[in-house]
Amino acid sequence: MPLPSNVRLVEVGPRDGLQNEKQPISVADKVRLVDDLSSAGLSYIEVGSFVSPKWVPQMAGSAEVFAQIQQQPGITYAALTPNLKGFEGALAAGVKEVAVFAAASEAFSQKNINCSISESLERFVPVMEAAKANGIRVRGYVSCVLGCPYDGAIDPQQVAHVAAELFAMGCYEVSLGDTIGTGTPGATRQLIDVVSARIPRDKLAGHFHDTYGQALANIYASLLEGVSVFDSSVAGLGGCPYAKGASGNVSTEDVLYMLNGLGINTGIDLDQLISAGQRICTLLGRDNGSRVARARQH
Ligand SMILES: CC(C)(COP(=O)([O-])OP(=O)([O-])OC[C@H]1O[C@@H](n2cnc3c(N)ncnc32)[C@H](O)[C@@H]1OP(=O)([O-])[O-])[C@@H](O)C(=O)NCCC(=O)NCCSC(=O)C[C@@](C)(O)CC(=O)[O-]
């Protein structure tokens, strides 16, 4: 399959990136990060989540963040909503696009959202109905598509089943999450092959964590399979709080550098992106997880 000429990057740094940080991060600092990412040319930014603050304290101020960011035309600013309560919070905050999140593994589903896979899908039905009634687009996530920290190996058919359920209930796109980064390019290609028997490839996105250093290779493998939407996190921030050992998402800077080298258009300015990533890393007092950013600083 020829490589796609355009790729959409879904910037998950402000949500997936920051949700796992232990130290408090002010609303103003989160707002600055989102605004920096808007200026760098990202067309889709996941700003926060409307989840229980007892489960993920760092996302507690998401409504305030939405109220204060400078929303630019043409950019989608999205939020995660695990249930109707979360959706109503997002709606009240003026959010125009949300994401529901399920898992391909029963144990991860329980740890992450305190219910079974089928219960989670039932919970999403009223979210989808409310979203439809309010003209809100819904993206779907499936976690643990290439391995689970609790259940181990995951059958691609199980991933296809959950992804197909999300698609059938109205998610316009389903992001396949390699939550613990154990996937390899061969497993990635096989997974896309199996899932695309149920959902068109242009409705799939890839969400790779770089725990085992496979993320860029997995993205390239996905491009070869005709997938053209990828989630990534500025400076490689992140990790899921309910997946022990899950290190950062693949860094947006590194994905962009690879795509630029392949002549694939994204509309994102690499230098501005590196500045945005370095600013938040300095603020958090952490190393920059982007190899490209580190190389450019030397
Ligand atoms: C789903 C629940 C709420 C179930 O949690 P629960 O405890 O079963 O919920 P509950 O319905 O029994 O309610 C318990 C309390 O939570 C409140 N509550 C209930 N819902 C909400 C809400 N939406 N917002 C705010 N508060 C809420 C509710 O009002 C109540 O408050 P109380 O009466 O005790 O004061 C909880 O497990 C939760 O919030 N989990 C979120 C976990 C999370 O955010 N994980 C990270 C995102 S997923 C991820 O990172 C993976 C991904 C997407 O990036 C892809 C990948 O890499 O794989």
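For every chain, the first residue of its written sequence is number 1, and the numbers climb from 1 along that sequence. The model is predicted, so local features are restricted to residues of pLDDT at least 70 and side-chain atom pairs to those at 80 or more, both for listing and for counting; the totals for chains, interfaces and linings are taken over all residues. The basis for every side-chain value is the complete set of non-hydrogen atoms in the structure, without hydrogens or water.

A. Fine view of the overall build of the chain. Of regular secondary structure, the chain possesses 12 helices and eight strands. Taken along its principal axes, the extent of the C-alpha atoms in the chain is 50 × 45 × 35 Å. When accessible area is computed with a 1.4 Å probe and restricted to protein chains, residues below 20% of their type maximum are described as buried, those above 50% as exposed, and intermediate ones as partly exposed. When burial is assessed residue by residue, the chain has 57% of its 298 residues classed as buried. Taking all contacts inside the chain whose residues are at least 6 apart in sequence as the whole, residues at least 24 apart take part in 74%. Of the roughly 11,900 Å² that the chain leaves accessible, carbon and sulfur atoms contribute 50%. Helix and strand assignments follow DSSP, with helices taken as H or I runs no shorter than four residues and strands as E runs no shorter than two, numbered in order from the N terminus. Whether two residues are in contact is decided by their heavy atoms: any pair within 4.5 Å suffices. Here the open area of atoms and residues is found with the Shrake-Rupley method and a 1.4 Å probe, where only the protein chains shown may cover a residue.

B. Representation of the pattern of salt bridges. Criterion for a salt bridge: a side-chain nitrogen of Lys or Arg within 4 Å of a carboxyl oxygen of Asp or Glu. A full pass over the atoms with the stated rule returns 13 salt bridges. Each of Arg 8, Arg 139, Glu 173 and Asp 231 takes part in a single network of salt bridges with overlapping partners.

C. Focus on helix α7 (residues 156-168). Every helix has an expected span of 1.5 Å times one less than the residues it contains. Between its first and last C-alpha atoms α7 spans 18 Å; for 13 residues at 1.5 Å apiece the expected length is 18 Å, and the two agree. Among the residues of α7, those classed as buried are Pro 156, Val 159, Ala 160, Val 162, Ala 163, Ala 164 and Leu 166. Residues of α7 that are buried in the fold lie against β4 (97-103), α6 (117-133), β5 (137-143), β6 (173-178) and α8 (185-195). Here a polar contact is taken to be a pair of N or O atoms separated by no more than 3.5 Å, where protein atoms must pair a possible hydrogen donor with a possible acceptor and residues adjacent in sequence count only if both atoms sit in side chains. Among the residues of α7, the N-terminal cap falls to Asp 155, whose side-chain oxygen and the backbone nitrogen of Gln 157 are separated by 2.9 Å.

D. Expanded view of the nonpolar core. Only buried residues count toward a nonpolar core. Its members are Ala, Val, Leu, Ile, Met, Phe, Trp, Tyr and Cys residues joined through side-chain atoms within 4.5 Å. Ranked by internal contacts, the top residues of the largest apolar core, which has 84 residues, are Val 142, Val 159, Leu 166, Leu 176 and Val 195. Setting aside residues up to four positions removed in sequence, Val 142 forms contacts with Ala 102, Ala 103, Ala 104, Val 159, Val 162, Ala 163, Leu 166, Val 174, Ser 175, Leu 176 and Gly 177. Among the nonpolar cores identified, the runner-up in size contains 13 residues, and Tyr 44, Cys 115, Tyr 172 and Ala 205 belong to it.

E. Structural detail: the site of the ligand. Around the ligand lies a shell of 27 residues, among which Ser 52, Asn 112, Asn 114, Ser 143 and Thr 179 are the nearest. Contacts to the ligand include Phe 50, whose backbone N or O atom sits 3.0 Å from a nitrogen atom. Contact distances for the ligand include 2.7 Å between an oxygen atom and a side-chain N or O atom of Asn 114. A total of 1,100 Å² of accessible area belongs to the ligand in isolation, and the protein chains cover 74% of it. Both cavities and pockets are sets of points on a 1 Å grid over the protein atoms alone; in a cavity a 1.4 Å probe fits but cannot get out, in a pocket the set is open with protein on both sides within 12 Å along at least five of seven lines, and lining residues sit with an atom within 4 Å of a point. For a molecule to be placed in a cavity or pocket, more than half of its atoms must lie within 2 Å of the grid points of that cavity or pocket. Of all the cavities here, the one that holds the ligand is the largest pocket. Secondary-structure elements contributing two or more residues to the shell around the ligand are α1 (13-17), α4 (84-92), α5 (106-113) and β5. Residues are labelled near a given molecule or strand when at least one of their non-hydrogen atoms is within 4 Å of it.

F. The packing of aromatic side chains, seen in detail. Stacked, tilted and edge-to-face pairs are distinguished by plane angle, under 30 degrees for stacked and over 60 for edge-to-face with tilted covering the rest, among Phe, Tyr and Trp rings (Trp via its six-membered ring) whose centres lie within 6.5 Å. Per the stated rule, a full pass over the model turns up one aromatic pair. Measuring from centroid to centroid gives 6.2 Å for Phe 50 and Phe 66, while their planes differ by 35°, and the two rings are tilted. Here Phe 66 lies in helix α3 (residues 62-68) and Phe 50 lies in the loop between β2 (44-49) and α3, a separation of 16 residues in the sequence. For the pair formed by Phe 50 and Phe 66, the shared burial category is buried. The ring of Tyr 44 carries the charged tip of Arg 139 above its face, separated from the ring centre by 5.8 Å. Only Lys NZ and Arg CZ are tested; either one counts as a charge over a ring when it is within 6 Å of the ring centre and within 35 degrees of the ring normal.

G. Representation of the layout of surface pockets. Grid points are joined across faces, edges and corners, and a volume is the space filled by probe spheres set on the points. Considering only enclosed or pocket space, the largest pocket measures out at about 660 Å³ in volume. As for the largest pocket, its lining consists of 34 residues, of which Val 51, Ser 52, Val 56, Pro 82 and Phe 101 are closest to the centre. For the lining of the largest pocket, the secondary structure elements donating two or more residues are α1, α3, α4, α5 and β5. Looking at the lining of the largest pocket, its residues break down into 17 nonpolar, 13 polar and four charged. Considering the residues around the second largest pocket, the lining is formed by 16 residues, among which Asp 210, Ser 251, Asp 254, Gly 289 and Arg 291 are closest to the centre. Asp, Glu, Lys and Arg are counted as charged, while Ala, Val, Leu, Ile, Met, Phe, Trp, Tyr, Cys and Pro are counted as nonpolar; the rest, among them Gly, fall into the polar class.

H. Geometry of empty space enclosed by the protein. Taken as a whole and assessed by the stated rule, the structure comprises three cavities of 30 Å³ or more. If you add up the space inside the largest cavity, you get close to 60 Å³. Around the largest cavity, the lining residues are Leu 176, Thr 188, Leu 191, Ile 192, Leu 204, Ala 205, Gly 206, Phe 208, Ser 222 and Val 227. Per-element accounting of the lining of the largest cavity gives the leading share, four residues, to strand β7 (residues 204-208). Here the lining of the largest cavity is composed, by residue class, of seven nonpolar, three polar and no charged.

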